[in-house]
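Structural overview
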Amino acid sequence: MTNNAQRPFGRLLTAMVTPFGADGAVDADGAARLAAYLVDEQRNDALVVNGTTGESPTTTDAEKDAVIRAVVEAVGDRAQVVAGVGTFSTHHTVELARSAEKAGAHGLLVVSPYYNKPPQAGLVKHFTTVADAVDVPVLLYDIPHRTGVAISTDTMVTLAGHPRIVGVKDAKGDLAAASWVMHRAEFAYYSGDDAATLPLLSIGGVGVVGTSTHFTGVGTKDLIEAYERGDVAEARRLHQTLLPLYTGIFRTQGTILVKAGLNVRGLPAGPVRPPLVDATEAELAQLRIDCADAGLPL
């Protein structure tokens, strides 16, 4: 395989938050500025917009479109923009996928349908229907603790045979299952758990779609590159250095703490939307501790 086939969206991706203004409206200009920071300063190869970290459950289709267009215009010449389009409805997901492609997205992130718990045959039908509807590459998102259903190994191998389904954001936490998929198919595995990046690399993963990487991007990119050049000791050192923030960002829902940290740093973020709630003073104080422990003080 070529490097592009191995890493269809590069090594480092961040699941970007969606900045809101004080009035709660989407801040498209802020999204553009944040995207530029993540690409130019945090070394991201690609950005995922309108994912769960981007508060996709509470943004409208029109708002999602505005975010894609703003980010593509800001960084699309030097980074890929991957749009989250997954919902629990195949029909709606296809609509969002086509809209995202039209808005300039370079790829799509499609989460397993949540809440309705389809069988594996339903997952195959859902993902292939979406992939058949567009001409851009698709990254699956396997996160059963949120969706209620895991993508099985056999299903993943089946989906890997689709010409536009190129990989998965893996938040299942099952390294053996991931190993079997990679053994049976050419499929790009991106860690969906920041702290699992190094373990996944060790069995053939290609990178991460991170949350803490709003802050840890540089070190995480260094970690991946160190592992790839065979410097496992340096990769392990970076993993251990960044571990307080890899895990600390999830002391509560990740979006909450990312936005809190960005606001402290004067970067575009703003408040979260209900049912999320903004970080408490105690949570912000702990975030400061976790950032300092990772060598990245706020």
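Preceding block: the structure.
These lines cover the structure that appears in this document, whether it is placed above or below. The model shown is predicted, which means the values in this text are computed figures rather than measured ones.

Conventions used here
Residues numbered from 1 in each chain as written. Predicted model: local features only at pLDDT ≥ 70, side-chain atom pairs only at ≥ 80, totals over all residues. Heavy atoms only, no water. Helix = DSSP H or I, 4+ residues; strand = E, 2+ residues; numbered from the N terminus. Rg over C-alpha atoms; globule rule 2.2 N^0.38 Å. Buried < 20%, exposed > 50% of the residue type's maximum accessible area, 1.4 Å probe, protein only. Contact = heavy atoms within 4.5 Å. Lys, Arg positive; Asp, Glu negative; His and termini not counted. Charge placed at Lys NZ, Arg CZ, Asp CG, Glu CD. Pairing = 2+ DSSP bridges. Right-handed = clockwise from strand over helix to strand, strands pointing away. Phe/Tyr/Trp six-rings, centres within 6.5 Å; stacked < 30°, edge-to-face > 60°. Lys NZ or Arg CZ within 6 Å of the ring centre and 35° of its normal. Core = buried A, V, L, I, M, F, W, Y, C linked by side-chain atoms within 4.5 Å. Salt bridge = Lys/Arg side-chain N within 4 Å of Asp/Glu carboxyl O.

When helices and strands are tallied, the protein shows 13 helices and eight strands. Radius of gyration (C-alpha) of the protein: 18 Å, near the 19 Å computed for a compact globule of 298 residues. Evaluated residue by residue, the protein yields a buried proportion of 53% over its 298 residues. For the protein, the share of sequence-separated contacts (at least 6 apart) that also reach a separation of at least 24 residues comes to 70%. Considering the protein, the positive charge centre built from 25 side chains and the negative charge centre built from 33 side chains are found 2 Å apart.

This next bit is on the side chain of His-239. Inspection of the secondary structure assignment puts His-239 in helix H11 (residues 232–248). His-239 sits in the buried class, given a relative accessible area of 14%.

Moving on, we come to the pairing of strand S2 (residues 46–49). With burial as the criterion, each face of S2 is covered, one bearing Ala-46 and Val-48 and the other bearing Leu-47 and Val-49. Pairing analysis gives three bridges linking strand S1 (residues 12–15) to S2, with the strands arranged parallel. Opposite Leu-13, over in S2, you have Ala-46 as the bridge partner. Traced from S1 through helix H2 (residues 28–40) to S2, the parallel crossover comes out right-handed. Traced from S2 through helix H3 (residues 61–75) to strand S3 (residues 80–84), the parallel crossover comes out right-handed.

When we look at a pair of aromatic rings, we describe it by the centre distance and by the angle of the planes. Taken as a whole and assessed by the stated rule, the structure comprises two aromatic pairs. Here the aromatic rings of Phe-88 and Tyr-114 are separated by 5.1 Å at their centres, their planes lie at 65 degrees, and the arrangement is edge-to-face. Of this pair, Phe-88 sits in the loop between S3 and helix H4 (90–102) while Tyr-114 sits in the loop between strand S4 (107–111) and helix H5 (120–132); the two residues are 26 residues apart in sequence, bridging distant segments of the chain. According to the relative accessible area criterion, Phe-88 is partly exposed, its value standing at 48%. Across the ring face of Phe-20, the terminal group of Arg-273 is positioned such that the distance to the ring centre comes to 4.4 Å.

The nonpolar side chains of a soluble globular protein tend to be buried with one another. One finds Met-16, Val-71, Leu-108, Leu-140, Phe-187, Tyr-189 and Leu-262 to be the most contacted residues of the largest nonpolar core, which totals 64 residues. With six residues, H2 is the single largest residue contributor to this core. Not counting chain neighbours up to four residues away, the residues in contact with Leu-108 comprise Val-82, Ala-83, Val-85, Ala-97, Ala-100, Val-134, Val-136, Pro-137, Val-138 and Leu-139. Of all hydrophobic cores here, the second largest spans 17 residues; its members include Ala-15, Leu-109, Tyr-141 and Ala-171.

The final tally for this structure, using the stated rule, is 15 salt bridges. Residues Arg-69 and Asp-65 are paired through a salt bridge, measuring 2.8 Å at the closest nitrogen-oxygen approach. Here Arg-69 pairs with Asp-65, and both are found in helix H3, just four residues apart, close to one helical turn. Judged by its relative accessible area of 39%, Arg-69 is partly exposed.

Turning to unusual backbone geometry, a few remarks are in order. A cis amide bond, omega 15 degrees, links Pro-274 with the succeeding residue Pro-275. With respect to the helices and strands, the residue Pro-275 is situated in the loop between helix H12 (254–264) and helix H13 (281–293). One non-glycine residue, Glu-55, lies in the positive phi region at around 60 degrees. Structurally, Glu-55 is set in the loop between S2 and H3. One non-glycine residue, Lys-117, lies in positive phi territory at about 50 degrees. Examined against the element boundaries, Lys-117 turns out to sit in the loop between S4 and H5.

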